[in-house]
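The lines below spell out each chain.
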Amino acid sequence: MELNIHLPTLLLLSVTINLMVGGLLWLVYRLRDRQTCFRLWTLACVTFVAGSVLAGARTVVDAPFVTVLAAHLCLGLSPWLVLAGIHNLLGMPLAGGGRLSRILFACGVLYVAGLLVSYAGDALVPRLLTALWSALVFSVAIYRLASCARTPRLPFQILQTIFGIHGILMMLQVLVISTSKWDLVGLDVDAVLTLILTHHLMLATATVMALPLLAFTQAERSLKLLAERDELTQLLNRRAFLQQGIAAFEQARAQRNTLTVLMIDLDYFKEINDRWGHEIGDSVLSFVAKIMSEELRDGDIIGRIGGEEFSAVLNTGSYKEVEAVTERLLRKIAERGRWLDGRALNLSASIGGVAMSPQTQSFNDMMRLADSAMYQAKDKGRNRSSLLRCQAECRAWCATVARQTSACSRMQTDSGGRSH
Ligand SMILES: Nc1nc2c(ncn2[C@@H]2O[C@H](COP(=O)(O)OP(=O)(O)OP(=O)(O)O)[C@@H](O)[C@H]2O)c(=O)[nH]1
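These numbers were taken from a predicted model, which means no experiment stands behind them.

(A) Quick peek at the nonpolar core. Within the largest apolar cluster, 51 residues are counted, with the highest numbers of intra-cluster contacts made by Phe38, Trp41, Val82, Ile86, Leu145, Leu159 and Phe163. Excluding residues within four positions of it along the chain, phenylalanine 163 makes contact with Val82, Ile86, Phe138, Ala141, Ile142, Leu145 and Thr207. By size, the runner-up hydrophobic cluster in this structure holds 30 residues, among which are Ile264, Ile280, Phe310 and Ile351.

Dropping the structure here:
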């Protein structure tokens with residue numbers, strides 16, 4: 001096999017690109033609140049460049065301590081730094097984080113020990129050790145990226161593909177080096193290793209270029225979460241809840257499906273605040289949010305739409321199902337909220353609910369009806385639910401709510417308030 005790859009040129013190109021991308025990552029690190037992953041990835045570029053330069057100096061310097069040992073330590077450290085950056089970005093601990101981290105650490109110790117023992121002898125052994133170590137680190141990186149199901153998936157898949165090809169190449173290198181001693185298949189070992197090195201350099205460059213893409217999509221995702229979540233309960237905030245509720249309503253109408261809106265309000269919450277303080281009040285709100293998240297289904301939309309007011313959109317219009325859900329919610333709140341943080345709080349809630357019907361022309365109609373049903377539950381003595389049952393009843397409610405709404409806007413106008 002005739003290969004016309006001019007290795008020094010390729011090395012120079014890879015070193016230049018890694019230096020440029022490393023510089024860019026360092027700049028991002030300085031500009032973006034010093035996010036640690038960017039510093040780790042900058043160091044990964046630097047160690048990769050250092051390793052490549054030191055290994056390349058082999059032809060002019062006869063000092064294996066530098067051109068083999070130091071070079072391979074740098075080349076082995078580089079993928080590990082990439083992995084450490086990914087861990088930092090995804091918020092996972094690298095050290096002390098379970099069995100996989102311990103195995104990786106043990107393999108790292110063996111790898112360094114192996115280099116120390118072999119660097120002065122056959123040059124292929126350190127190469128084999130570094131290839132094995134890199135393949136292991138890439139496999140762990142693939143596993144880590146796969147185990148956190150985040151959206152958008154694309155940057156994760158790009159990196160996983162690069163790491164996958166990289167890992168396969170490294171294992172191929174291990175295979176070629178280990179069989180080279182016996183010359184089993186008559187391979188031109190140097191040519192094949194040069195080919196592998198060429199791809200290795202290109203993939204290493206592709207990796208450092210793909211990392212910022214991953215970091216930026218992660219940052220965008222965090223911002224989106226921040227904008228649509230209620231800080232205290234981590235449920236959807238009012239704006240995001242309404243947005244998702246309207247979308248679910250339109251979709252249900254288009255597909256001739258149905259859904260139910262629930263309005264949940266804590267009873268006598270002001271007394272809890274007044275008696276135990278706002279901090280306890282806050283933990284009560286988090287407690288109710290937790291119960292709702294646990295008791296409702298994954299596809300249901302749950303939000304905190306006001307102080308002590310929660311709302312949910314359920315993917316069902318069945319009175320029986322909704323009744324079972326509200327009974328379960330009321331029971332859990334009362335049972336688990338009897339004592340909270342060592343205090344007798346005796347929590348309860350009132351729930352109003354309405355299913356989609358010809359009378360509910362918009363999601364806002366449903367919210368209004370569920371709200372007035374919830375007030376009916378309060379009027380009837382609290383700690384109960386009030387669900388609008390049939391179309392006739394719903395029609396009557398719609399008329400009442402419409403009268404109340406127009407009376408309210410009349411009152412606002414009469415008292416000098418502005419109606420929009
Ligand atoms: N701790 C805490 N309290 C809040 C928050 N938002 C609103 N509140 C309080 O919630 C209370 C709501 O009181 P009300 O509207 O009178 O309702 P209630 O006491 O639950 O009475 P009913 O609903 O009629 O049973 C007020 O004291 C608000 O200060 C919050 O984020 N944290």
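Now that the structure is up, let's keep going.
(B) The packing of helix α1 (residues 7-31) against helix α2 (residues 36-56), seen in detail. At a minimum axis distance of 8 Å, the contact between α1 and α2 shows a crossing angle of 160 degrees. By the criterion of interaxial angle, the relationship of α1 to α2 is roughly antiparallel. Between α1 and α2 the crossing geometry is left-handed. Only Phe38, Arg39, Trp41, Thr42, Cys45, Phe48, Val49, Ser52, Val53 and Gly56 of α2 make contact with α1, whose side of the interface consists of Leu11, Ser14, Val15, Asn18, Leu19, Val21, Gly22, Leu25, Trp26, Val28 and Tyr29. In terms of residue class, the contact of α1 with α2 is made up of 14 nonpolar, six polar and one charged.

(C) Inspection of helix α12 (residues 363-379) at higher detail. When the terminal C-alpha atoms of α12 are compared, their 24 Å separation across 17 residues agrees well with the 24 Å that a helix rising 1.5 Å per residue should span. One or two residues past the end of α12 sits glycine 381, with phi positive at roughly 120 degrees.

(D) Just the site of the ligand, in detail. By nearness alone, 16 residues border the ligand, and Phe269, Lys270, Asp282, Arg304 and Arg382 come closest of all. A distance of 2.7 Å separates an oxygen atom of the ligand from a polar backbone atom of phenylalanine 269. When the ligand sits alone it has 660 Å² of accessible area, and the protein chains cover 66% of it. Listing elements by their share of the shell around the ligand, those giving two or more residues are β1 (260-266), α9 (269-276) and α10 (278-295). No other element matches α10, which puts four residues into the shell around the ligand. Along the lines of polarity and charge, the residues of the shell around the ligand split into four nonpolar, four polar and eight charged.

(E) Layout of the pairing of β1. Burial of β1 is extensive: seven of the seven residues sit out of reach of the surface. Here β1 shows a buried face lined by Thr260, Leu262, Ile264 and Leu266 and a second buried face lined by Val261, Met263 and Asp265. For β1 and strand β3 (residues 309-314), the ladder comprises six bridges, and the chain directions are antiparallel. Across the sheet, leucine 262 pairs through a bridge with alanine 312, a residue of β3. Here β1 pairs with strand β6 (residues 349-355) via seven bridges, running antiparallel. When the bridges of β6 are listed, valine 261 appears paired with valine 354.

(F) Broad picture of the layout of surface pockets. There is about 850 Å³ of room inside the largest pocket. Lining the largest pocket are 37 residues, with Ala55, Leu75, Arg127, Leu197 and His200 sitting closest to its centre. Taken together, the residues of the lining of the largest pocket sort by class into 21 nonpolar, 13 polar and three charged.

(G) Main features of the sheet that holds β6. Taking strand neighbours across the sheet as the criterion, the five strands line up as β2-β3-β1-β6-β7 in an open arrangement whose pairing is mixed. This sheet does not close on itself; its edge strands, each paired only once, are β2 (301-304) and β7 (385-388). Each strand of the sheet is rotated relative to its neighbour by a mean of 15 degrees, with strand direction disregarded. In this structure, β2 lies alongside β3, joined through four bridges in antiparallel fashion. Among the inter-strand pairings, isoleucine 301 is bridged to a residue of β3, identified as valine 313. On top of the sheet, helix α8 (residues 238-254) reaches β2 and β3; it is set at about 150 degrees to β2, its chief contact. The strands that α10 touches are β1, β2 and β3; relative to β3, the one it contacts most, it runs at about 10 degrees.

(H) Fine view of the packing of helix α6 (residues 154-180) against helix α7 (residues 189-228). Look at α6 against α7: their axes get within 9 Å of each other, and the N-to-C directions meet at 160 degrees. What the angle tells us is that α6 and α7 run roughly antiparallel. Crossing of α6 against α7: the hand is left-handed. Here the contact of α6 with α7 is composed, by residue class, of 23 nonpolar, eight polar and no charged.

(I) The arrangement of the UniProt feature "transmembrane region" (unreviewed entry) in the protein in detail. In this numbering, the UniProt entry assigns the feature "transmembrane region" (unreviewed entry) to residues 6-28, 40-57, 69-91, 103-121, 127-146, 158-179 and 191-216. Secondary structure across residues 103-121 divides into 84% helix and 0% strand, with the first and last C-alpha atoms of the span separated by 27 Å. As annotated, residues 191-216 comprises 100% helix and 0% strand, and the C-alpha atoms at either end are separated by 39 Å.

(J) Region of the structure containing the environment of valine 192. Along the chain, valine 192 falls in helix α7. In sequence terms valine 192 and isoleucine 177 are 15 residues apart; their C-alpha atoms lie 9.8 Å from each other.

(K) Expanded view of the pattern of salt bridges. Following the criterion strictly, the structure yields 12 salt bridges and no others. Lysine 224 serves as the salt-bridge partner of glutamate 228, at 3.9 Å between the closest nitrogen and oxygen. In this pair, glutamate 228 and lysine 224 both sit in helix α7, four residues apart, roughly one turn of the helix. Residues arginine 328 and glutamate 295 are paired through a salt bridge, measuring 3.0 Å at the closest nitrogen-oxygen approach. Residue arginine 328 is found in helix α11 (residues 319-336), and its partner glutamate 295 is found in helix α10; the two are separated by 33 residues along the sequence. The class of arginine 328 is partly exposed, set by a relative accessible area of 27%. Salt bridges linked by common partners bring Asp265, Asp267 and Lys378 together as one network.

Quick notes on the rules
- Residues numbered from 1 in each chain as written.
- Predicted model: local features only at pLDDT ≥ 70, side-chain atom pairs only at ≥ 80, totals over all residues.
- Heavy atoms only, no water.
- Core = buried A, V, L, I, M, F, W, Y, C linked by side-chain atoms within 4.5 Å.
- Buried < 20%, exposed > 50% of the residue type's maximum accessible area, 1.4 Å probe, protein only.
- Contact = heavy atoms within 4.5 Å.
- Axes fitted to C-alpha atoms, helices over the stretch in contact; angles between N-to-C directions.
- Helix = DSSP H or I, 4+ residues; strand = E, 2+ residues; numbered from the N terminus.
- Parallel < 35°, antiparallel > 145°, perpendicular 65-115°, else oblique.
- Left-handed = near helix turned anticlockwise from the far one by under 90°.
- Nonpolar A, V, L, I, M, F, W, Y, C, P; charged D, E, K, R; others polar.
- Expected span 1.5 Å × (residues − 1).
- Near = heavy atom within 4 Å.
- Polar contact = N/O pair within 3.5 Å; in protein donor to acceptor, adjacent residues only side chain to side chain.
- Areas by Shrake-Rupley, 256 points an atom, 1.4 Å probe, with all protein chains shown as cover.
- Pairing = 2+ DSSP bridges.
- 1 Å grid on protein atoms, 1.4 Å probe; cavity = no way out; pocket = protein on both sides within 12 Å on 5 of 7 lines; lining within 4 Å.
- Points joined across faces, edges and corners; volume = space filled by probe spheres on them.
- UniProt positions renumbered as here; feature names shortened; annotations may be inferred.
- Salt bridge = Lys/Arg side-chain N within 4 Å of Asp/Glu carboxyl O.

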